[in-house]
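# Structural description and commentary
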Amino acid sequence: MTTIKVGVFGASGRVGKLLIEDLKNTQGMGLSSVYVRNSLDFAIDPSVLVTSDMHSFIGASDIIIDFSLPEACEALLEEAIKTPKPLVIGTTGLNTHQLNLLKQASELMPVLYATNMSLGVALLNKLVHQASAALEGFDIEIVEMHHRHKKDAPSGTALTLAESAANGRNLDLDKVRVSGRDGNIGERTKDEIAVMALRGGDIVGRHTVGFYNDGEFIELNHTATSRNTFSKGALRAGKWLSDKEPGLYSISDCLEL
Ligand SMILES: NC(=O)C1=CN([C@@H]2O[C@H](COP(=O)(O)OP(=O)(O)OC[C@H]3O[C@@H](n4cnc5c(N)ncnc54)[C@H](O)[C@@H]3O)[C@@H](O)[C@H]2O)C=CC1
Ligand SMILES: O=C(O)C1=N[C@H](C(=O)O)C[C@H](O)C1
């Protein structure tokens, strides 16, 4: 069996470090290169290319997995457009330009973009879509909770869940999303979908989508209790993506949900 050579982008980060550890025990995949801006603060097998040259980093791998920051992901996408390779992108908080770049890249190489690599959240998105359509008239409110180090808000997952909820009602999320309430703002409007962010401690990730009506409410919740859920999910996605044609894929495609 051939081993898929994996390049890790964001290697010294919380998820990047786990990817490197998990790769040691993943059949059919091996770490081939890591991109660093300065130097790595941990030991790594000497066979792995550790480089600050993006071109060499991409060239040394069969697939690239990215968990970094939006501006770093942008630089990766720009380079990958010159040297196409299958890309698994987990970075959240991408702006419109960066999302367009991602779409452009997916015309040249297979790209799997997922704001959450867990099986549970992939299913949750399906359930939210279904509930949103079925529970006509229920108010939709989303709350996400993450660790104190998280930089983007609301989380990418919460925004994807909000998209699923809006799509279930044929609403344009940009027109109905509310991201905070303060002061004398008046009563809640019928279609608004609120997405609220809480930050504290070491919470790995918790998302609750509530559907509230007079006399009853339903709350759908997913809680990640280990960050390995994301690293292992990204490796599963990478293995699946490695032989695909160029295109933009979702985690649901990979999980056949
Ligand atoms: N899709 C998913 O399932 C998940 C996505 N995430 C997202 O992944 C991203 C990373 O999360 P964490 O590992 O917690 O963050 P982190 O802050 O621990 O790691 C970020 C990494 O990016 C690197 N980096 C920063 N700026 C860079 C630049 N200009 N060039 C190259 N590398 C650069 C840092 O050196 C570090 O290795 C975030 O956007 C987060 O929201 C996190 C967990 C799960
Ligand atoms: O930054 C994190 O930690 C996480 N980010 C992702 C997001 O923004 O949705 C996924 C997960 O919730 C953890």
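Residues numbered from 1 in each chain as written. Chains lettered and ligands numbered in written order. Predicted model: local features only at pLDDT ≥ 70, side-chain atom pairs only at ≥ 80, totals over all residues.

### Focus on the overall build of the protein chain
Of regular secondary structure, the protein chain possesses 9 helices and 12 strands. At 19 Å, the protein chain has a C-alpha radius of gyration in line with the 18 Å of a compact globule built from 257 residues. Viewed in the frame of its principal axes, the protein chain has a C-alpha envelope of about 60 × 40 × 30 Å. Residues classed as buried in the protein chain amount to 38% of the 257 residues present. Expressed as a percentage of contacts within the protein chain between residues at least 6 apart in sequence, the contacts between residues at least 24 apart total 69%. (Helix = DSSP H or I, 4+ residues; strand = E, 2+ residues; numbered from the N terminus. Rg over C-alpha atoms; globule rule 2.2 N^0.38 Å. Buried ≥ 20, exposed ≤ 12 C-beta atoms within 10 Å, placed from the backbone. Contact = placed C-beta atoms within 7 Å.)

### Structural notes on the site of ligand 2
Residues in contact with ligand 2, as listed here, are Thr92, Thr115, Asn116, His146, Lys150, Ser155, Gly156, Thr157 and Gly205. A breakdown of the residues in the shell around ligand 2 according to their chemical character gives no nonpolar, 8 polar and 1 charged. (Near = placed C-beta within 6 Å. Nonpolar A, V, L, I, M, F, W, Y, C, P; charged D, E, K, R; others polar.)

### Some thoughts on the site of ligand 1
Neighbouring residues of ligand 1: 24 residues in total, closest Gly10, Gly13, Ser68, Ala72 and Gly90. Elements represented by at least two residues in the shell around ligand 1 include exactly α1 (14–23) and α3 (70–82). Here the element with the most residues in the shell around ligand 1 is α1; it accounts for 3 residues. When its residues are assigned to classes, the shell around ligand 1 shows 8 nonpolar, 12 polar and 4 charged.

### Brief notes about the UniProt feature "active site" (unreviewed entry) in the protein chain
Look at the UniProt record and you will see "active site" (unreviewed entry) annotated at His146 and Lys150. Structurally, His146 can be placed in strand β7 (residues 139–146). Residue His146 is classed as buried on the basis of its 25 C-beta neighbours within 10 Å. Apart from the residues lying within four places of it in its own chain, the contact partners of His146 are Ser155, Arg199, Ile203 and Gly205. Looking at where Lys150 falls in the secondary structure, it is placed in the loop between β7 and α6 (156–168). (UniProt positions renumbered as here; feature names shortened; annotations may be inferred.)

### Topic: the environment of Ile20
Inspection of the secondary structure assignment puts Ile20 in helix α1. Owing to 21 C-beta atoms within 10 Å, Ile20 belongs among the buried residues under this scheme. Spatially, the C-alpha atom of Ile20 lies 8.9 Å from that of Ile44, the residues being 24 residues apart in sequence. If near-sequence neighbours (up to four positions away) are discounted, Ile20 is found in contact with Val8, Ala11 and Leu31.

### Observations concerning the sheet that holds strand β10 (residues 205–213)
Strands belonging to one sheet form pairs held by backbone hydrogen bonds; the direction of such a pair is parallel or antiparallel. Strand order in the open sheet formed by 5 strands is β8-β9-β7-β10-β11, with mixed pairing between adjacent strands. In this open sheet, the two strands that pair with only one neighbour each are β8 (177–178) and β11 (216–224). The sheet contact formed by β7 and β10 spans 7 bridges and is antiparallel. Across the sheet, residue Val143 finds its bridge partner in β10, namely Thr208. Packed on one face of the sheet, helix α5 (residues 119–134) meets β7, β10 and β11 and runs near 165 degrees to β11. (Pairing = 2+ DSSP bridges. Axes fitted to C-alpha atoms, helices over the stretch in contact; angles between N-to-C directions.)

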